Amino acid sequence: MDALRTFVYPALNFQMRNGQYPKGDWSRVDEVVRADIKRVLDLPSEASNEYLYGARSEGLCGIPIAAEESDLALIDGAFKLLTSNDEKLRRMADEDLVESASSRTKPGRRPDPQSFLSGLVTEDMRERSSQVSDCWTKGRQASQRMGVKWILQEDAPSIVYGDVTIRAHERQRLLRTLRLKKQMERGETLRQKPVQGRVPDCLVESPDSSHFLQTGEFMSFADWRFVHRARLQLVPLNGHRRYGGDQDKSCRRCAFANECLAHVIGQCNVHAVLRQKRHDVYVDRIEATARNRGYGVVGKNQAVDDSGLRPDLVVSKGDKALIIDVTVPFENRREAFESARTRKEEKYAALKTSLRSRYREVKIAPIVVGALGTWDPNNNKFLRGITTGAFLKKMKRLVTCETIAWSRCMYMEHLSGRIQRPYRWYRPEVDRAEGMVAPAETRLLGEEEIGRASPEPSTSRGHPGGVERGGVESLIGVRPGSDSELS
């Protein structure tokens, strides 16, 4: 996908600007590329195309659309001719535009270049188009398809699209602005969908939750194949059946009425041990980070006053104390994060009041991470106090991929009945120096009962598909950065 954005589409820019091929040809290119991208992402054909073509700044893939890029290039070329810094070239462009508009205007009527370029059909225009084909007629057609309006004031042409206006002095930003606007519109369309839009509604707040789409950092192949289907709710579970309303949708492990992904990785009692280990990994990482910044641990999963409340972690430094509690809700839109944070703040309000007798400043710091790796940006304001900005960025990426890995293990264990464990992204020398390794660092792999029940993971790099005999996914994927890197 990165190669498409970096090499393929830029190489097509010349043909797009010259209008060498009609839009239908570019649409056929999009159909072929779209099918290949969905195979790379391991998505079925019913997956929303908006997930592929939405903005990267909103946690989506950000793949360009060739047909749309062709239209944008034609509009951009016409606009740059009319706003050229060369006065002679600008005058020639104005004269050529008027001549082209005249060929579409009825005899005896005054041509209107502004309406012409905007793709409008006025009473002064001919009913049928002329045989003239140039950069202005192609720009007119592109503007009509894209919904772009032109304003041709003297020495100050501008383009309007929705609530965005690009003026002459912003001519270099035209292509990027219109492309981003179209991508954001597709992202909004995806978020409005009742099922596939739930997780993307959370991703828009924290694009770092999809950092692996560009770099593949900390992401195994097995997790890669899982996360895209999971975020669009397209995993084959009983509760996700689209047809056959009379079919059994109950959980195959605990007989819960609806076997959906939220139940499997967030509620099913069969996977309670894995959920606790996933939770403990985050707590241990935060504890190690706080100790590295000089904080002392007042209590860890234990009561520190007479209220009986047991937050995950209470740390202090001088006259300042933080009540830290980690929660991993399913990404059922942004309201799920807000509700989880509010519950934690209400739960520990009494403890906060009690600790104020010992510390001048006491804060409740709920750490909210979505079960499919969505990072709540509200976590940052608490964690900036116990870590550096550079490490916080790395920590967010680690936690995102660790969450996806643990959730995949629960999902695969649910389907196969075989105990799973995630890949261990652990570099002892580097990570310990940066304060990234928790005291109980082996918890990232799981405790003894998981190790005894799990088969030995495959370490072969020659089989990046990660499929064992019997069709069960490999416990450990290949590290991105190897010979078989995905993205």
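Anything mentioned here points back to the structure above.
Computed from a prediction, not measured in an experiment: that's the story for all the values here.

## Notes on the overall build of the protein chain
Across its full length, the protein chain carries 20 helices and 7 strands. Looking at the protein chain residue by residue over its 487 residues, the buried ones come to 52%. In the protein chain, of all internal contacts separated by at least 6 residues, the share reaching a separation of at least 24 is 63%. Entry remark: accessible area of the protein chain is about 22900 Å², with carbon and sulfur atoms responsible for 47%.

## Overview of the state of the cysteines
With the rule as written, the count across this model stands at 0 disulfides. With no disulfide of its own, Cys260 lies closest to Cys251 among cysteine sulfurs, the gap being 9.3 Å.

## Description of the packing of aromatic side chains
Applying the stated criterion across every chain, the model contains 4 aromatic pairs. With centroids separated by 5.8 Å and ring planes inclined at 85°, the aromatic side chains of Tyr21 and Trp26 adopt a geometry described as edge-to-face. A relative accessible area of 38% places Tyr21 in the partly exposed class. When the ring of Phe212 is compared with that of Trp224, the centres are 6.4 Å apart and the planes differ by 80°; the resulting orientation is edge-to-face. Residue Phe212 is found in helix α11 (residues 212-215), and its partner Trp224 is found in helix α12 (residues 221-231); the two are separated by 12 residues along the sequence.

## Side note on the nonpolar core
With 74 residues, the main nonpolar core has Leu41, Tyr51 and Leu261 as its most contacted residues. With 11 residues, the single largest contributor to this core is helix α18 (residues 389-416). Setting aside residues no more than four positions away along its own chain, Leu261 makes contact with Ala230, Gln233, Val235, Leu237, His240, Phe330, Leu372 and Tyr411. Membership of the second largest hydrophobic core comes to 24 residues, among which are Ile75, Leu97, Leu117 and Trp136.

## Concerning the pairing of strand β2 (residues 156-161)
Across the 6 residues of β2, 5 count as buried, placing the element largely inside the fold. Pairing analysis gives 5 bridges linking strand β1 (residues 149-153) to β2, with the strands arranged antiparallel. Following the sheet pairing, Gln153 is matched in β2 by Ala156. Counted along the chain from β1 to the antiparallel partner β2, the turn is 2 residues long, and its residue Asp155 has a positive phi close to 60°. By the bridge criterion, 4 bridges tie β2 to strand β3 (residues 164-167) in an arrangement that is antiparallel.

## Concerning the environment of Pro44
Tracing the backbone shows Pro44 in the loop between α3 (23-40) and α4 (49-53). By relative accessible area, Pro44 is classed as buried at 15%. Along the chain, Pro44 and Arg229 lie 185 residues apart, while their C-alpha atoms are 8.1 Å from each other. In this structure Pro44 touches Lys38, Arg229 and Leu234, once residues within four positions along its chain are discounted.

## Quick look at the side chain of Arg333
Structurally, Arg333 can be placed in the loop between β6 (320-327) and α15 (334-347). Buried charged residue Arg333 carries no salt bridge. Nearest counter-charge: Asp201, at 4.2 Å. Looking at Arg333, its side chain comes within polar contact range of the main-chain oxygen of Arg191, at 2.7 Å. The residues contacting Arg333, other than those within four sequence positions of it, are Arg191, Gln192, Lys193, Pro194, Gly197, Arg198, Asp201 and Cys202.

## Section: unusual backbone geometry
Even without glycine at this site, Ala255 takes up a positive phi of about 65°. Here Ala255 lies in the loop between α12 and α13 (261-266). In this structure, Asn301 is a non-glycine residue whose phi angle is positive, near 55°. Looking at the element boundaries, Asn301 is found in the loop between β4 (296-299) and β5 (313-317).

## So, the sheet that holds β1
Spatially, the 3 strands line up as an open sheet ordered β1-β2-β3, and their pairing is antiparallel. At either margin of the open sheet sits one strand with a lone partner, and together these are β1 and β3. Taking the axes of each pair of neighbouring strands and ignoring which way they run, one obtains an average angle of 20° across the sheet.

## Brief notes about the packing of α3 against helix α5 (residues 66-82)
Relative orientation of the contacting elements α3 and α5 amounts to 145°, with a least axis distance of 7 Å. Contacts between α3 and α5 involve Lys23, Trp26, Ser27, Val29 and Asp30 from the former and Ala66, Ala67, Ser70 and Asp71 from the latter. Class assignment of the residues belonging to the contact of α3 with α5 gives a composition of 4 nonpolar, 2 polar and 3 charged.

## Some points on the pairing of strand β7 (residues 361-368)
Burial within β7 is extensive, with 6 of its 8 residues counted as buried. As judged from the 8 bridges shared by β6 and β7, these two strands associate in the parallel manner. Bridge pairing links Ile324 to Ala365 in β7.

Cut-off values and rules
Residues numbered from 1 in each chain as written. Predicted model: local features only at pLDDT ≥ 70, side-chain atom pairs only at ≥ 80, totals over all residues. Heavy atoms only, no water. Helix = DSSP H or I, 4+ residues; strand = E, 2+ residues; numbered from the N terminus. Buried < 20%, exposed > 50% of the residue type's maximum accessible area, 1.4 Å probe, protein only. Contact = heavy atoms within 4.5 Å. Areas by Shrake-Rupley, 256 points an atom, 1.4 Å probe, with all protein chains shown as cover. Disulfide = S-S within 2.5 Å. Phe/Tyr/Trp six-rings, centres within 6.5 Å; stacked < 30°, edge-to-face > 60°. Core = buried A, V, L, I, M, F, W, Y, C linked by side-chain atoms within 4.5 Å. Pairing = 2+ DSSP bridges. Lys, Arg positive; Asp, Glu negative; His and termini not counted. Salt bridge = Lys/Arg side-chain N within 4 Å of Asp/Glu carboxyl O. Polar contact = N/O pair within 3.5 Å; in protein donor to acceptor, adjacent residues only side chain to side chain. Axes fitted to C-alpha atoms, helices over the stretch in contact; angles between N-to-C directions. Nonpolar A, V, L, I, M, F, W, Y, C, P; charged D, E, K, R; others polar.

In short, geometric facts, not functional conclusions.
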